[in-house]
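# Chains, contacts and geometry: an overview
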Amino acid sequence: YKWRRLSGLVLLLPHGLEGTGPEHASARLERFLSMAAVDNIQVVNPTTPAQFFHVLRRQVLRPWRKPLVVMAPKSMLRHPRATSALEELAQESFQRVIPDAHIRPDRAGRVILCSGKLYWELLEAREKNEVDDAAIVRIEQLYPLGWSPIEKALAGLKKGGRVLWVQEEPRNMGAANHMLLKFARSIEEQWSFDIVSRPESSSPATGSAASHKLEQKRIIAKAFDLTDAPE
């Protein structure tokens, strides 16, 4: 809001580590989240075409007008599983948090919170390794986001269970610090909370495709406590 005018600006920013070097990897999500306060902007990282459609539709139709920052991983344009049925576009609406449709928290020993394209990699790894004790919850809107939708997604997780924020960005980037600041205290009232990410780095990503794949495998293995994690 400036000079008595509201802004419906939309930024579509490529974001996601895909092994093609730092120039293609980061829209500097952490910088947008560090500036986010008093509902001044919206920051989203949708995982399906329906979510992408509904967040843009919402931006046009809602009377509440604030800039919308969309993290848009390029690989999801061609990902075979990142699809939506016509009914999802026609009948549903944007979900800030998407619970796990396959493993409920009350049947899991841990809940993985994640955002963006990493969800599909985690889902594939869970199926491949036949992991049945980890639910994956998607945080589609990183800001503004209250505790209530996360608490609802975690409902049923036993006390002492583990909640992990898993991201592919280095520890000093991405949404890790934002999640710690906003939700760690609430989570730790009932469960343990930890961050799984790449180590701190001065660069958003490695320039080596082989190194990228190795780092990605380590993150996924640590998220599920797989014994064959690469050294």
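Further up the page is the structure itself.
Residues numbered from 1 in each chain as written. Predicted model: local features only at pLDDT ≥ 70, side-chain atom pairs only at ≥ 80, totals over all residues. Heavy atoms only, no water.

### Some details on the overall build of the protein
- In terms of helices and strands, the protein carries 7 helices and 9 strands.
- Taking 17 Å as the expected radius of gyration for a compact globule of 231 residues, we find that the protein reaches 17 Å, a close match to that expectation.
- Projected onto its principal axes, the C-alpha positions of the protein cover 55 × 40 × 35 Å.
- In the protein, 80% of the contacts between residues at least 6 apart in sequence involve partners at least 24 apart.
- When the accessible surface of the protein is split by element, carbon and sulfur atoms take 52% of a total near 12300 Å².
- Taking the average place of the 33 positive charges on the side chains of the protein and the average place of its 27 negative ones, the gap between the two points comes to 8 Å. (Helix = DSSP H or I, 4+ residues; strand = E, 2+ residues; numbered from the N terminus. Rg over C-alpha atoms; globule rule 2.2 N^0.38 Å. Contact = heavy atoms within 4.5 Å. Areas by Shrake-Rupley, 256 points an atom, 1.4 Å probe, with all protein chains shown as cover. Lys, Arg positive; Asp, Glu negative; His and termini not counted. Charge placed at Lys NZ, Arg CZ, Asp CG, Glu CD.)

### Comments concerning the sheet that holds strand β8 (residues 162-170)
- Read across the sheet, 5 strands follow the order β4-β6-β5-β8-β9 without closing on themselves; strand pairing throughout is mixed. The open sheet has two free edges, formed respectively by β4 (97-98) and β9 (192-198), since each of these has just one partner strand.
- Here helix α4 (residues 118-128) sits on the sheet in contact with β5 (110-114), β6 (134-139) and β8, set at roughly 170° to β6.
- Against the sheet, helix α7 (residues 209-224) makes contact with β5, β6, β8 and β9, and its axis sits at roughly 170° relative to β9, the strand it touches most. (Pairing = 2+ DSSP bridges. Axes fitted to C-alpha atoms, helices over the stretch in contact; angles between N-to-C directions.)

### Focus on the sheet that holds strand β7 (residues 141-143)
- What the 4 strands build is an open sheet, ordered β1-β3-β2-β7; its pairing is mixed. If you trace the sheet from one side to the other, it starts and ends with β1 (10-14) and β7, each paired once. Taken over all neighbouring pairs, the strand axes of this sheet differ in orientation by 25° on average, direction set aside.
- Where strand β2 (residues 42-44) lies against β7, 2 bridges are found, and the strand directions are antiparallel. Paired with Val-43 across the strands is Tyr-143, a residue of β7.
- Against the sheet, helix α2 (residues 49-61) contacts β1, β2, β3 (68-72) and β7, and its axis sits at roughly 165° relative to β3.

### Here's the deal with the nonpolar core
- Judged by nonpolar contacts, the single largest core of 37 residues is most densely connected at Val-43, Leu-113, Ile-139, Ile-150, Leu-154, Trp-165 and Ile-187.
- When residues in this core are grouped by element, the largest group, 5 residues, is from helix α6 (residues 176-187).
- Beyond its immediate chain neighbours, meaning those up to four positions away, Leu-154 contacts Pro-105, Val-111, Leu-113, Trp-147, Val-163, Ile-187 and Trp-191.
- Ranked by size, the runner-up nonpolar core spans 22 residues in total, among them Leu-123, Leu-164, Ala-221 and Ala-223. (Core = buried A, V, L, I, M, F, W, Y, C linked by side-chain atoms within 4.5 Å. Buried < 20%, exposed > 50% of the residue type's maximum accessible area, 1.4 Å probe, protein only.)

### A short note on the environment of Leu-29
- Topologically, Leu-29 is positioned in helix α1 (residues 29-35).
- Looking at Leu-29, the relative accessible area reads 2%, which means it is buried.
- C-alpha separation for the pair Leu-29 and Glu-169, spaced 140 residues apart in sequence, amounts to 9.6 Å.
- The residues contacting Leu-29, other than those within four sequence positions of it, are His-15, Val-43, Met-71, Leu-142, Glu-169, Gly-174 and Ala-175.

### Here we look at the pairing of β3
- Along β3, 4 of the 5 residues are buried, which leaves the element largely enclosed by surrounding structure.
- Direction of pairing for β1 relative to β3: parallel, over a ladder of 5 bridges. Each bridged residue has a counterpart across the sheet, and for Pro-14 the counterpart in β3 is Ala-72.
- Relative to β3, β2 runs parallel, the two being bridged by 3 bridges. In the strand pairing of β3, Val-43 is matched with Val-69.
- Regarding the hand of the β-α-β motif, the stretch spanning β2, α2 and β3 is right-handed. (Right-handed = clockwise from strand over helix to strand, strands pointing away.)

### Considering the pattern of salt bridges
- Counting across every chain of the model gives 9 salt bridges.
- Where Glu-127 meets Arg-81, a salt bridge forms, and the shortest distance between an N and an O atom there is 2.8 Å. Placement of the pair is Glu-127 in helix α4 and Arg-81 in the loop between β3 and α3 (86-91), with a sequence separation of 46 residues.
- For Glu-127, a relative accessible area of 42% translates into the label partly exposed.
- Measuring nitrogen to oxygen at the nearest pair gives 2.7 Å for the salt bridge that ties Glu-215 to Arg-198. Placement of Glu-215 in helix α7 and of Arg-198 in strand β9 is noted, with a sequence separation of 17 residues between them. (Salt bridge = Lys/Arg side-chain N within 4 Å of Asp/Glu carboxyl O.)

### Looking at the packing of aromatic side chains
- If you walk through the whole model with that rule in mind, you get 2 aromatic pairs.
- A centroid spacing of 4.9 Å and a plane angle of 70° characterise the contact between Tyr-119 and Trp-120, whose relative ring orientation is edge-to-face.
- Across from the ring centre of Tyr-119, 4.0 Å away, lies the NZ or CZ of Arg-138, which sits over that ring.
- Positioned above the aromatic ring of Trp-120, the side-chain terminus of Arg-138 is 5.9 Å from the ring centre. (Phe/Tyr/Trp six-rings, centres within 6.5 Å; stacked < 30°, edge-to-face > 60°. Lys NZ or Arg CZ within 6 Å of the ring centre and 35° of its normal.)

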